[in-house]
Amino acid sequence: MAEYQFQTEVNQLLKLIIHSMYSNKDIFLREIVSNASDALDKLNYLKVSDETYKGVKSEPRIDITFDDPNKILTVQDSGIGMNEEDLNNNLGTIARSGTKAFIEKIAEDKNAGESNLIGQFGVGFYSAFMAAKRINVYTRKAASDKIYKWSSDGTNSYTIEEIKADSDEAKKYGFDKAETCGSAIEMLLNDDSKEYASRWKIEELIKRYSDHIAFPIYLHYTQNKYDDKGNITGSEDKVDQVNSASALWKRSKSELKKEDYDNFYKTISHDGQEPLHYVHTHAEGTQEYTTLFYVPQNAPFDMYQADYQSGVKLYVKRVFITDDDRELLPAYLRFVRGIIDSEDLPLNVSREILQQNRILETIKSASVKKLLSEFKKMGEAADKAKKTEADKRSDDEKAAIEKWNKFVKNFNRPMKEGLYSDYANREEISEIVRFKSTDAAGTGDDNWTSFADYVQRMKPEQKAIYYITGTDEKNLRASPLLEAYKKKGFEVLIMADEIDDIVIPSLMKYKEFDLKAVNRAGSDDELGVDKDEAKKKEEAFKPVQEKIKKALGERVKDVVLSKRLSDSPSCIVVDENDPGIQMERMMRAMGQAGPGIKPILEINGDHAIVKTLESCTDEAYIADVSEVLFDQALLVSGAELKDPMEFVKAMNKLLSK
Ligand code: ADP
Ligand code: MG
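Residues numbered from 1 in each chain as written. Chains lettered and ligands numbered in written order. Predicted model: local features only at pLDDT ≥ 70, side-chain atom pairs only at ≥ 80, totals over all residues. Heavy atoms only, no water.

S.K.: Would you mind showing me how to read the overall build of the protein chain here?
M.R.: Across its full length, the protein chain carries 21 helices and 22 strands. Its C-alpha atoms give the protein chain principal-axis dimensions of about 115 × 55 × 50 Å. A burial count over the protein chain gives 51% of its 657 residues as buried. Long-range pairs, those at least 24 residues apart, make up 70% of the contacts in the protein chain between residues at least 6 apart in sequence. Put simply, the protein chain shows about 31500 Å² of open surface, and 48% of that area lies on carbon and sulfur atoms. Across the protein chain, the mean location of the 96 positive side-chain charges is 2 Å away from that of the 116 negative side-chain charges. (Helix = DSSP H or I, 4+ residues; strand = E, 2+ residues; numbered from the N terminus. Buried < 20%, exposed > 50% of the residue type's maximum accessible area, 1.4 Å probe, protein only. Contact = heavy atoms within 4.5 Å. Areas by Shrake-Rupley, 256 points an atom, 1.4 Å probe, with all protein chains shown as cover. Lys, Arg positive; Asp, Glu negative; His and termini not counted. Charge placed at Lys NZ, Arg CZ, Asp CG, Glu CD.)

Printed below as a string of structure tokens:
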């Protein structure tokens, strides 16, 4: 027997679990049964795709037994099983970095218990330690003759030993028979969890959480026999199938209730909450397939981690094939969970072949279209509901708004990724994404606007859709760049998401309207300055312009007279075709040099500070004013100063004059 230490993160997780961070203990059975189902799926797939497993003769099933006097509960499957290496890898570590990071986070958070953060992700196998003071796993991997026992009390370490086929322990779960493969998870229940060694409790939980598991789940129990007078005369062993074992997604929509969909979602997603939305499609015709997709209420906690694995599973004629959903839905839809089941793909399709499979391509593209049209409808319903005055809204209208707000809060950002990455669907996606805005419709926590609504509100003389990018919404709203647009009554979209700076310029247009960043040169054409007057002003500004240019030298790309400032003395824009400042910052954060873009300094010629430069010849004074004009413009734009001391010095000199 060898003893091993759990990986640090497993220990942290176990501590969290055992100190009852998890409010709903019942779910451990769902997790263990779902692992059994996964193990059966894996073996089924290998039987049709891998020579090594072709000869395996096990019938897929899950058996639950319990020992009432000794308070032991066992879930056994005839699935793939585990060898020694599998046991170490799967029941001793947590591989995914996202999960690790998440555990670190909640381990530090004292309030994690109340916020029930941990309920947002499946704690999986380890959740059984909520109910068990010790867990023994007896297992034999399919096509192998070795039987192993893994054992742990959930604190710090576990043991693994090989056990003999003719030992009592092996016989207990039928591993003495050579054809028995799979795993038996034997849970020695703790004092607070004795109720799980009961026929009724188990049956209730399976019906509630695991009814839709596609394999039969059998519950074994003993029943007393009685005579006519009600005296016990003996007992007999009985077995009942306790789940319906039909693939839920294959059933017709009319047969299914919202509750069925919700429960199925919880089984496949490990999410404790109900889904925000589901879409169930049976396609017939040239291709026959079923899809059932869910949108969660909250963004998966690790959605932005590189090794994030989302939850779409591919089945062929109900046989599980893969959940490597990089092939199944585009990355920007990675928050979608669910199932694709094809009648036309060959059963022994390999994962490699899937990558260029035409049938799958068709299903995938139809699925994306379907999802996008659902999202669009969801947004339209909410926008329509918002047209009703707040206190006159019906419950349905309120629900539509609440649902959509959740969607936008959680998934607007990945949808924007789609604008950039899914060229074929960008028009549809541009109807789904939402923005903050200078208009009331885009101001406040729960308000966003669409391009479509923006266009409705455009002034007759307005030709373009204006937006400003940066990192902080509050900052952007106060930007001096907005002054002239506000005066004209032109709405400006406020884009404070890091990716906006990349995504929105790449979109270029919404319908026939150009998208113009107000923090870029060339976006002020329409501000309605009289051409001749502008010329005159520019001429008059020339001498000041030269002085500032000379003072700032290589630090700016250009110094120009601004058409959009009224109160502030200066602002920063980037050249029309330069990458944005955000982009530069992101590249630097990723360790790349960045293109080293230089900003253009716009000057408000009418501002009192600027006026003082007109007749000034004191070079030191000009240098200080130029420094302050440039630095404050940088600060307001959200950029960092390369040399804050310079700024402070110049400022102090001016103040002491
Ligand atoms: P997840 O199911 O999300 O991968 P779990 O914590 O539930 O995480 O399980 C960890 C791993 O342990 C599984 O991925 C699987 O490899 C292995 N495992 C758990 N239960 C079984 C089982 N009954 N049969 C085979 N492998 C299992
Ligand atoms: Mg699991």
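S.K.: Explanation requested: the nonpolar core in the structure shown.
M.R.: If you look at the biggest cluster of nonpolar residues, it comprises 76 residues, and the most contacted ones within it are Leu333, Phe335, Phe375, Phe407, Met415, Phe451 and Ile465. A total of eight residues in this core trace back to one element, the largest contributor, which is helix H10 (residues 358-387). Two domains each provide a minimum of three residues to this core, namely domain 2 (248-373) and domain 3 (531-656). Excluding residues within four positions of it along the chain, phenylalanine 407 makes contact with Leu276, Val295, Phe335, Phe375, Met378, Asn412, Met415 and Ile432. The next biggest cluster of nonpolar side chains, apart from the first, holds 53 residues, and it includes Ile32, Val33, Leu189 and Val242. (Core = buried A, V, L, I, M, F, W, Y, C linked by side-chain atoms within 4.5 Å. Domains from an automatic or database assignment.)

S.K.: Sorry if this is basic, but what is going on with the side chain of glutamine 545 here?
M.R.: Here glutamine 545 is to be found in helix H17 (residues 531-552). Once residues within four sequence positions are removed from consideration, glutamine 545 is found in contact with Val559 and Val560.

S.K.: Explain the sheet that holds strand S22 (residues 600-603) here, please?
M.R.: The strands making up a sheet are joined through hydrogen bonds of the backbone, oriented either antiparallel or parallel. The three strands are arranged S20-S22-S21 in an open sheet whose pairing can be described as mixed. Sheet topology places strand S20 (558-561) and strand S21 (570-573) at the edges, where each strand pairs with a single neighbour. Adjacent strand axes in the sheet meet at a mean angle of 30° when their direction is disregarded. Pairing of S20 with S22 involves four bridges; the strand directions are parallel. In the sheet register, valine 560 faces S22, and the bridge partner there is glutamate 602. (Pairing = 2+ DSSP bridges. Axes fitted to C-alpha atoms, helices over the stretch in contact; angles between N-to-C directions.)

S.K.: Can you help me understand the packing of aromatic side chains in this one?
M.R.: Both the distance between ring centres and the angle between the ring planes are used here to describe each pair of aromatic rings. Overall, the coordinates contain 25 aromatic pairs when judged by the stated rule. Centroid distance phenylalanine 6 to tryptophan 150: 6.4 Å. Interplanar angle 55°. Geometry classified as tilted. One end of the pair, phenylalanine 6, is in the loop between strand S1 (2-5) and helix H1 (8-18); the other, tryptophan 150, is in strand S5 (residues 147-152), and 144 residues separate them in sequence. Assigned by exposure class, phenylalanine 6 and tryptophan 150 land together as buried. Through successive ring pairs, a cluster of aromatic residues spans Tyr4, Phe6, Phe125, Tyr126, Trp150 and Tyr158. In this arrangement the basic side chain of arginine 199 is found over the ring face of tyrosine 221, its NZ or CZ atom lying 3.7 Å from the centre. The ring of tryptophan 448 carries lysine 436 above its face, with NZ or CZ at 4.6 Å from the centroid. (Phe/Tyr/Trp six-rings, centres within 6.5 Å; stacked < 30°, edge-to-face > 60°. Lys NZ or Arg CZ within 6 Å of the ring centre and 35° of its normal.)

S.K.: Looking at this structure, I do not really get the environment of serine 269. What am I missing?
M.R.: Within the secondary structure, serine 269 is located in helix H8 (residues 258-269). Serine 269 gets classed as buried once you look at its relative accessible area, which sits at 8%. Of note is the side chain of serine 269, whose polar atom sits 2.7 Å from the backbone oxygen of tyrosine 265. A polar side-chain atom of serine 269 sits 3.0 Å from the main-chain amide nitrogen of aspartate 271. (Polar contact = N/O pair within 3.5 Å; in protein donor to acceptor, adjacent residues only side chain to side chain.)

S.K.: When you look at the sheet that holds strand S13 (residues 319-322) in this model, what are you seeing that I'm missing?
M.R.: Here we have five strands laid out as an open sheet, ordered S10-S11-S14-S12-S13, and mixed in their pairing. Across the chains shown, the open sheet's two edge strands, defined by having one partner strand only, are strand S10 (277-283) and S13. Strand-to-strand, the axes of this sheet are offset by a mean angle of 20°, without reference to chain direction. In the sheet, strand S12 (residues 312-316) pairs with S13 via three bridges, with the strands oriented antiparallel. Opposite leucine 314, over in S13, you have threonine 322 as the bridge partner. The strands that helix H2 (residues 27-49) touches are S12 and S13; relative to S13, the one it contacts most, it runs at about 85°. Relative to strand S11 (residues 289-295), H10 is tilted by about 40°, and along the sheet it contacts S10, S11, S12 and strand S14 (337-342).

S.K.: Would you mind showing me how to read helix H11 (residues 395-421) here?
M.R.: Helical periodicity: at 3.6 residues per turn, an α-helix aligns residues three or four positions apart in one direction. Taking 1.5 Å of rise per residue, the 27 residues of H11 would be expected to cover 39 Å, and the 37 Å separating its terminal C-alpha atoms lies within 8% of that figure. Bending of H11 peaks at approximately 60° at the position of phenylalanine 411, with proline proline 414 no more than four residues after it. (Expected span 1.5 Å × (residues − 1). Bend = angle between axes of the 7 residues up to and from the residue.)

S.K.: Could you clarify how one ought to interpret the site of ligand 1 in this entry?
M.R.: Asn35, Ala39, Lys42, Asp77, Met82, Asn90, Leu91, Gly124, Phe125 and Ser183 make up every residue found near ligand 1. The contact in question runs from an oxygen atom of ligand 1 to an N or O atom on the side chain of asparagine 90, over 3.0 Å. Contact between ligand 1 and phenylalanine 125: an oxygen atom at 2.9 Å from a main-chain N or O atom of the residue. Burial of ligand 1 by the surrounding chains reaches 77%, relative to a free accessible area of 530 Å². With three residues, H2 is the single largest residue contributor to the shell around ligand 1. Here the residues of the shell around ligand 1 sort into four nonpolar, four polar and two charged. (Near = heavy atom within 4 Å. Nonpolar A, V, L, I, M, F, W, Y, C, P; charged D, E, K, R; others polar.)

S.K.: What exactly am I supposed to notice about the packing of H11 against helix H16 (residues 500-507) here?
M.R.: Two packed helices can be described by the angle between their axes and the distance between those axes. Axis separation between H11 and H16 bottoms out at 9 Å; the angle between their running directions is 45°. As judged from the angle between their axes, H11 and H16 are oblique. In this structure, H11 crosses over H16, and the sense of that crossing is left-handed. For the pair formed by H11 and H16, the contact residues are Lys416, Leu419 and Tyr420 on the first element and Asp500, Ile502, Val503, Ile504, Ser506 and Leu507 on the second. In the contact of H11 with H16, the residues fall into six nonpolar, one polar and two charged. (Parallel < 35°, antiparallel > 145°, perpendicular 65-115°, else oblique. Left-handed = near helix turned anticlockwise from the far one by under 90°.)

S.K.: Help me out: how do you make sense of the domain arrangement of the protein chain in this one?
M.R.: A common way to report how large an interface is uses the accessible area buried once the components associate. Partitioning the protein chain into domains gives domain 1 (2-241), domain 2 (248-373) and domain 3 (531-656). At the interface, 22 residues of domain 1 touch 25 residues of domain 2. With both chains or domains summed, domain 1 and domain 2 bury close to 2100 Å², and 53% of this area falls on carbon and sulfur atoms. Looking at the side of domain 1 facing domain 2, the largest losses of area belong to Tyr45, Arg96 and His212, adding up to 33% of the total buried there. At the boundary of domain 1 with domain 2, the tally comes to one salt bridge. Across the salt bridge formed by aspartate 38 and lysine 313, the nearest N and O atoms sit 3.6 Å from each other. Between the two partners, domain 1 and domain 2, sit zero residue pairs in polar contact (both at pLDDT 80 or more). If you list the elements that add at least two residues to the side of domain 1 that touches domain 2, you get H2, helix H4 (97-108) and helix H7 (199-209). (Buried area = accessible area lost by both parts, 1.4 Å probe. Salt bridge = Lys/Arg side-chain N within 4 Å of Asp/Glu carboxyl O.)

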